[in-house]
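# Understanding the architecture of this molecule
The chain contents come next:
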Amino acid sequence: RASPPPRALRRDARGEARVATPRWRRTSAPRGVRHRGGRAARARVAEASAGGDASAPVIVGIGSAGVDYLASIAAFPEPDAKLRTDSFEVQGGGNCGNALTATARLGCRPRILTKLSDDGAGKAIVDEFEADGVDTSAIVIEKGASSPFTYIIVDRLGATRTCIHTPGPAFAENEIDDDAVVALLSGASLAYFDGRLTEVAIKVALQAREMGIPVLVEGERIRDNLETLLKLGDHVCTSAGYPRDATGEETTETAMVKMLAELPNAKTLVTTLGSRGAVMVARVDDVLEETTTTTTTLRELVGSLEAEAKAKETKENGDAESAVPLPAVPATSATVYLEDAGADAATKLGPVRVTFAPAAAMRAEQIADTTGAGDSFIGSFCFGVATGMALPAAMRLGAYVAARKCTALGARPGLPRRDTVPEELFLEAE
C-alpha cells in the first residue's frame, strides 16, 4: 500500500492534487527570513539531541529538501500525447532530505539545514521530516516565496524516471551566523553535504573540519562552488557520470582516479553504477615498507572484483522468490597503485584498495521506481561512517536499503526501518 501524502497535501473533489496553505505562525525577522524556533533554535537543537536514543549518532545534513509529485505511467509519452497515470503520489523529496530520512529509519538522529518558504509545501516538508525523527530546528524560512518541488515521471516500460525541478529560495551564507553553525554541528558524528546550497555548505564544512567532524560530500552533477566543497570532504560519493563530467575523461575509471588524486583530504571516493552496484577507491596510509604493491588499472580491477562478487552472489543468495535478496558480500583488492590517469596521478593518489559492492539481484517485477535509490545508498553509507562500520559493509547495507526503496513509488515509502533490516548487515564494525 502506498503511504498517504503529508497532512498539508490533499486532493480536491476530482482527485487532483493541491497544496493546502496552512496558517503559519511566525516571528519577525529582517527581510522576511527566519529560523524555525526563532531565538530558541539553538536550544531546540540541544533538546532534540537529548531526546530518543542518546547513544545514537547525530548526522548533520546540509542540502536540498522539497516536495515530489510522482506520476507513474506505462510508457514515456510522445510529444503532444495525452495519457493517464497508473498511480500518483505526493511525497517529500530532495537528495539531502531523502538521505537523512534513510539514516533516521536506520536509527540515527539526523539534523537538516536547508531553506524553505512559509507556504503549504514548506509546512508539509517539515511535518514529514518530524514524523520520521529528523530535527528541523535549523531550517531557514523565507516568507512569501515558494518551497522547492519536483515533477517526476516514472516510466514503467523503460524503467526510467524523469525529473523536472523548480528550486526554492536562494540561501546566502550570511543567513546563518557562526554560533548557529557551531550549535548545529555540536555532538555530530558526521556532516553530510549533497552538493547544493554550496555557499552555505562551504561555511559549515569548514567549521566541521575545525571541530574534527568527518565530512562527506556528494557529487551528482556540476554545480557552482562544488569543486571547492569536494576538497573539504573526508569521503566523497558520486553518481556514475559525475567523475567524467568533472574531469573530462572518457571512462569512469580513469575519471575516478584523476578526481581522487586532486582531492587532498578525501580518504575514499565511492561512485554508484546503477544496477551494477558501486565501487570504492580508498587511500591506504599504513603500508608496511616490506609490503609489495602492484601497479594496475582501476578498469581491470573493477572487472575482476565484480566477477568475484557476482560469483558469491550466485552461491550465497540463490533464487529468492519474494523478499528482496541480500546483496553479495563486496570484494576488496589488495593494496595497489592505479595507473589509469598516468604516473603523476598514481603518485599523487598513492596506494589504495578498491572495493566492488554489487547491487541486490532483484527481478524486474520487484522494482516499482528507482527515484531516490542513490540517496538511500548514500544515507546508508553515512550511517556506516557515523557508526564505525567497515566501509565495504556500509556499501553492502546501502545496496540492500536501495533495493528496498525501489519496491515502492517515490524516494521514501520503501525505506526500511532498522528492525526490518537483516541483522547480519550491521555486524561488520571496525
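In this text, all values refer to a predicted model and were calculated from it rather than measured experimentally. Residue indices begin from 1 for each chain and proceed along its sequence in written order. The predicted nature of this model means local features are confined to residues of pLDDT at least 70 and side-chain atom pairs, given and counted, to a pLDDT of 80 or more, with totals for whole chains, interfaces and linings taken over all residues. Side-chain metrics in this entry use all non-hydrogen atoms of the structure; hydrogen atoms and water are not considered.

## Quick look at the overall build of the protein
Scanning the protein for helices and strands turns up 12 helices and 20 strands. Only protein chains enter the accessibility calculation, which uses a 1.4 Å probe. A residue is then buried if its area is under 20% of the maximum for its type, exposed if over 50%, and partly exposed in between. Taken over 430 residues, the protein has a buried fraction of 54%. The contact criterion used throughout is that any non-hydrogen atoms of two residues lie within 4.5 Å. A separation threshold of at least 6 residues defines the contact pool for the protein, and within that pool the share at least 24 residues apart is 71%. Surface summary for the protein: the accessible area is close to 19,500 Å², and the carbon and sulfur share equals 49%. Secondary structure counts use DSSP, requiring at least four H or I residues in a row for a helix and at least two E residues in a row for a strand, with both numbered from the N terminus. Surface exposure here means Shrake-Rupley accessible area, sampled with a 1.4 Å probe, where a residue is shielded only by the protein chains that are shown.

## A short note on unusual backbone geometry
With the exception of glycine, the majority of residues adopt a negative phi angle, and the majority of peptide bonds are in the trans configuration. The phi dihedral of Asp 80 is positive, around 75°, even though this residue is not glycine. Tracing the backbone shows Asp 80 in the loop between strand 5 (66-73) and strand 6 (87-93). Exposure remark for Asp 80: the relative accessible area of 82% places this residue in the exposed category. Phi at Asn 225 takes a positive value of approximately 70°, unusual for a residue other than glycine. The residue Asn 225 is located in the loop between strand 13 (215-219) and helix 6 (226-230) in this model.

## A closer look at the pattern of salt bridges
Put simply, a salt bridge is a Lys or Arg side-chain nitrogen that is within 4 Å of an Asp or Glu carboxyl oxygen. Evaluation of the coordinates by the stated rule reveals 21 salt bridges. Here Asp 234 makes a salt bridge to Arg 209, at a shortest N to O gap of 3.2 Å. Placement of the pair is Asp 234 in the loop between helix 6 and strand 14 (235-238) and Arg 209 in helix 5 (residues 198-210), with a sequence separation of 25 residues. Overall, Arg 209 belongs to the partly exposed group, its relative accessible area being 30%. Measuring nitrogen to oxygen at the nearest pair gives 3.9 Å for the salt bridge that ties Glu 423 to Arg 418. For Arg 418, a relative accessible area of 33% corresponds to the partly exposed category.

## Some points on helix 5
Taking 1.5 Å of rise per residue, the 13 residues of helix 5 would be expected to cover 18 Å, and the 18 Å separating its terminal C-alpha atoms lies within 8% of that figure. Along helix 5, the residues classified as buried are Thr 198, Val 200, Ala 201, Ile 202, Lys 203, Val 204, Ala 205, Gln 207 and Ala 208. On its buried side, helix 5 packs onto strand 4 (58-62), strand 7 (109-113), helix 4 (178-185), strand 12 (188-193), strand 13 and helix 6. Remark: Gly 212 follows helix 5 within two positions and exhibits a positive phi of approximately 75°. Expected span of a helix, by definition, is 1.5 Å for each gap between consecutive residues, and there is one gap fewer than residues.

## A few points about the environment of Arg 363
Mapped onto the fold, Arg 363 is located in the loop between strand 20 (352-358) and helix 11 (373-387). Owing to a relative accessible area of 29%, Arg 363 belongs among the partly exposed residues under this scheme. Counting along the chain gives 39 residues from Arg 363 to Val 324, while the straight-line C-alpha distance between them is 9.1 Å. Pairs of N or O atoms within 3.5 Å make up the polar contacts considered here, provided that, within protein, one atom can donate a hydrogen while the other can accept it, and that residues adjacent in sequence are counted only when both atoms are side-chain atoms. In this structure the side chain of Arg 363 is engaged in a polar contact, spanning 2.7 Å, whose partner is the side chain of Glu 365.

## Considering the packing of aromatic side chains
Pairs were defined over the aromatic rings of Phe, Tyr and Trp, the Trp ring being its six-membered one, requiring ring centres within 6.5 Å. Orientation was assigned from the angle between planes: stacked under 30 degrees, edge-to-face over 60, tilted for the rest. For the structure on display, the rule yields 4 aromatic pairs. With 5.7 Å between their ring centres and 40° between their planes, Tyr 69 and Tyr 151 make a pair best called tilted. Of this pair, Tyr 69 sits in strand 5 while Tyr 151 sits in strand 10 (residues 149-155), and the two are 82 residues apart along the sequence. Relative accessible area serves as the criterion here: at 42%, Tyr 151 is assigned to the partly exposed category. Grouping aromatic residues by their ring pairs yields a cluster made of Tyr 69, Phe 149 and Tyr 151.

## Focus: the packing of helix 2 (residues 95-106) against helix 11
When two helices pack together, their arrangement is captured by the angle between the axes and the distance separating the axes. At a closest axis distance of 8 Å, the pairing of helix 2 and helix 11 adopts a crossing angle of 50°. By the angle between their directions, the pair helix 2 and helix 11 is classed as oblique. Here the hand of the crossing between helix 2 and helix 11 comes out right-handed. Across from Asn 95, Asn 98, Ala 99, Ala 102, Thr 103 and Leu 106 in helix 2, the residues of helix 11 making contact are Asp 375, Ser 376, Gly 379, Ser 380, Cys 382 and Phe 383. Its residues assigned to classes, the contact of helix 2 with helix 11 comprises 5 nonpolar, 6 polar and 1 charged. In this description, a line fitted to the C-alpha atoms serves as the axis of each element, helices being fitted only across the stretch in contact, and the angle between N-to-C directions of two axes falls anywhere from 0 to 180 degrees. An angle counts as roughly parallel when it lies under 35 degrees, as roughly antiparallel when it exceeds 145, as roughly perpendicular when it falls between 65 and 115, and as oblique in every other case. For a crossing to be left-handed, the near helix must be turned anticlockwise from the far one by less than a right angle; the clockwise case is right-handed. Under this grouping Gly is polar, as are all residues other than the nonpolar Ala, Val, Leu, Ile, Met, Phe, Trp, Tyr, Cys and Pro and the charged Asp, Glu, Lys and Arg.

## Structural notes on the confidence of the model for the protein
What pLDDT reports is the predictor's confidence in each residue, on a scale of 0 through 100. With 84% of its residues at a pLDDT of 70 or more, the protein shows a mean pLDDT of 87. Here residues 1-30 is modelled with pLDDT under 50, and outside its nearest four sequence neighbours on either side it reaches 50 contacts, counting other chains as well. Low pLDDT (under 50) marks residues 38-51, which in the prediction has 21 contacts with non-local residues, meaning those over four places away or in another chain.

## Comments concerning the pairing of strand 13
The two faces of a sheet get side chains in turn, since along a regular strand they alternate between them. Burial of strand 13 is extensive: 5 of the 5 residues sit out of reach of the surface. Judged by which residues are buried, strand 13 turns out to be covered on both faces: Val 215, Val 217 and Gly 219 on one side and Leu 216 and Glu 218 on the other are all buried. For two strands to be treated as a pair, DSSP must find no fewer than two bridges joining them. In this sheet, strand 13 lies alongside strand 12 in parallel orientation, the contact comprising 3 bridges. What sits directly across from Ala 191, in strand 13, is Val 215. With strands facing away from the observer, any crossover in which the path from the first strand over the helix to the second runs clockwise is taken as right-handed. Crossover strand 12 to strand 13 through helix 5 is right-handed. Bridge count between strand 13 and strand 14: 4 bridges; the pairing is parallel. From the neighbouring strand, Glu 218 faces strand 14, where its bridge partner is Cys 237.

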